[in-house]
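Architecture at a glance
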Amino acid sequence: MQCQLRRFINDSMTATTDLIVFTDLDGTLIDHDTYDWSPAQPALSALKGMSAGVVLASSKTAAEIIPLRQTLGLHQWPAIVENGAGILSPNGAETQDASQYNELLSILTKIPPALRDLFRGFGACSPEQVIDMTGLTAKAAQLAKQRMFSEPGLWLGTDMQKAEFLKILTAQGVTAQQGGRFLSLSFGTNKVDQMRRIIETYRPKHTIALGDAPNDVKMLEHAEFGVVIANPHRSPLPPLTGEEDGHILRTKASGPMGWNMAIHDLLDRLELH
Ligand SMILES: [Mg+2]
C-alpha cells in the first residue's frame, strides 16, 4: 500500500506541504444532522491558499468519498476510507478492486452458520436492508455497498456468541472494531495506521487531526495537534493523551463550525496564516 501511494504521488507530481490536516467527516467536517459543511469553507479556503493538504478519513467507502472529495476540491490528496481499512489514492477513482473484501467474505462463509447468521453484514444485505439499517438514501446505500476492504454489520447475538465469532475470525487474521452501531470487520489497519503512511510519504512539517468519536482518538493523539469536535449527539470523549499539555483541544461549537474555528486558531498558533 505504501509503495502504491508513493507511486501515485510520484505519477501526479509530488505535492509538498508544510501542513497536512487529517479529518473525520460525519459529525466533524460535516454536520451530523444536515450533512452541511459550508461553515468550514473559510478554513478550507485558507488551507487551500497555503497549499496545505486535507486528508478525509472516514468509515465511508471510496465510492462514497470520491464525489465528496471532488466537491470539496481535495481530489489531489489521498483519503482514508472504510475506517482506515484502505486508502484512496490522490486523484484516484478506484472502486473496483474488491480482492480484500472478497477474501473477507470468503472467510465469513467458513464460519459455522449458527454463529455466522448472527452477523448481518452489508455484503449479505439487499440495498433496501442497508437503507433500513443506516437511514441512507437509495443512492447513498448503493455507494456504501461498494466495499473494497471491510465489512460492517449488525451483531444480532449475545456478547458471548460475539466473542466466539471474533475468536474464529482473529485466527484468520481478521480484526473487528465495534462502532456505535456497527461491528466492522477488516484485515487490521485503522485510521492512524493510514495516517502514519501518509505522513511518511509526504513528510509535512506540521499535522493536525480532527474527529468526534472513539475511532478518531488514536489519530488525534498521533497528530501534532488533535482537535475533539463537540458532538452533542454522543457522550464526550474521555480525557486524551496530550490534552493536559495543550496538544489536544476541544471545540465548543459542533461539526463544521467547530472545525472552522479550530483550524483558524491552530493556523494562528503555528503562524501559518
Ligand atoms: Mg464522526
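Thresholds applied
- Residues numbered from 1 in each chain as written.
- Predicted model: local features only at pLDDT ≥ 70, side-chain atom pairs only at ≥ 80, totals over all residues.
- Heavy atoms only, no water.
- Helix = DSSP H or I, 4+ residues; strand = E, 2+ residues; numbered from the N terminus.
- Rg over C-alpha atoms; globule rule 2.2 N^0.38 Å.
- Contact = heavy atoms within 4.5 Å.
- Areas by Shrake-Rupley, 256 points an atom, 1.4 Å probe, with all protein chains shown as cover.
- Lys, Arg positive; Asp, Glu negative; His and termini not counted.
- Charge placed at Lys NZ, Arg CZ, Asp CG, Glu CD.
- Donors = N, O, S within 2.8 Å, 3.2 Å for Na, K, Ca; no water.
- Axes fitted to C-alpha atoms, helices over the stretch in contact; angles between N-to-C directions.
- Nonpolar A, V, L, I, M, F, W, Y, C, P; charged D, E, K, R; others polar.
- Pairing = 2+ DSSP bridges.
- Domains from an automatic or database assignment.
- Buried area = accessible area lost by both parts, 1.4 Å probe.
- Salt bridge = Lys/Arg side-chain N within 4 Å of Asp/Glu carboxyl O.

On a plain count of helices and strands, the protein chain comes out with 11 helices and 11 strands. What you see for the protein chain is a C-alpha radius of gyration of 19 Å, in line with the 19 Å of a compact globule of 273 residues. The dimensions of the protein chain, computed from C-alpha atoms along their principal axes, are 60 × 45 × 35 Å. A separation threshold of at least 6 residues defines the contact pool for the protein chain, and within that pool the share at least 24 residues apart is 64%. Accessible surface, the protein chain as shown: approximately 12,900 Å² in total, 53% of it carbon and sulfur. In the protein chain, which carries 24 positive and 30 negative side-chain charges, the distance between the mean positions of the two groups comes to 4 Å.

As a further point, take the coordination of the magnesium ion. Those protein atoms acting as donors to the magnesium ion are Asp24 (OD), Asp26 (O) and Asp212 (OD), and they sit at 2.2 Å. We note that the donor set of the magnesium ion lies within a single chain, spaced as D-x1-D-x185-D.

For the rest of this paragraph, the subject is the packing of helix α2 (residues 41-49) against helix α11 (residues 255-269). Contact pair α2 / α11: the axes reach a minimum separation of 7 Å and the direction vectors enclose 35°. Mapping the contact onto sequence places Pro42, Ala43, Leu44, Ala46 and Leu47 in α2 and Trp259, Asn260, Ile263, His264 and Leu267 in α11. Among the residues making up the contact of α2 with α11, the classes are represented as eight nonpolar, two polar and no charged.

Glancing now at the sheet that holds strand β11 (residues 248-254). Read across the sheet, five strands follow the order β2-β1-β9-β10-β11 without closing on themselves; strand pairing throughout is parallel. Looking at strand neighbours, the two that pair on one side only are β2 (53-56) and β11, the edges of this open sheet. Each neighbouring strand pair of the sheet contributes to a mean axis angle of 20°, computed without reference to strand direction. With four bridges joining them, strand β10 (residues 225-230) and β11 adopt parallel strand pairing. Note on β11: the bridge partner recorded for Gly226 is Ile248.

So, about the domain arrangement of the protein chain. Taken as a whole, the protein chain is organised into domain 1 (2-93 + 190-269) and domain 2 (99-186). Computed over C-alpha atoms, the centres of domain 1 and domain 2 are 26 Å apart. Taken residue by residue, the interface counts 13 residues in domain 1 and 11 residues in domain 2. Summed over the three residues of domain 1 that lose the most area to domain 2, namely Glu64, Glu82 and Ala85, the buried surface amounts to 44% of that side. Linking domain 1 with domain 2 are one salt bridge, by the criterion used here.

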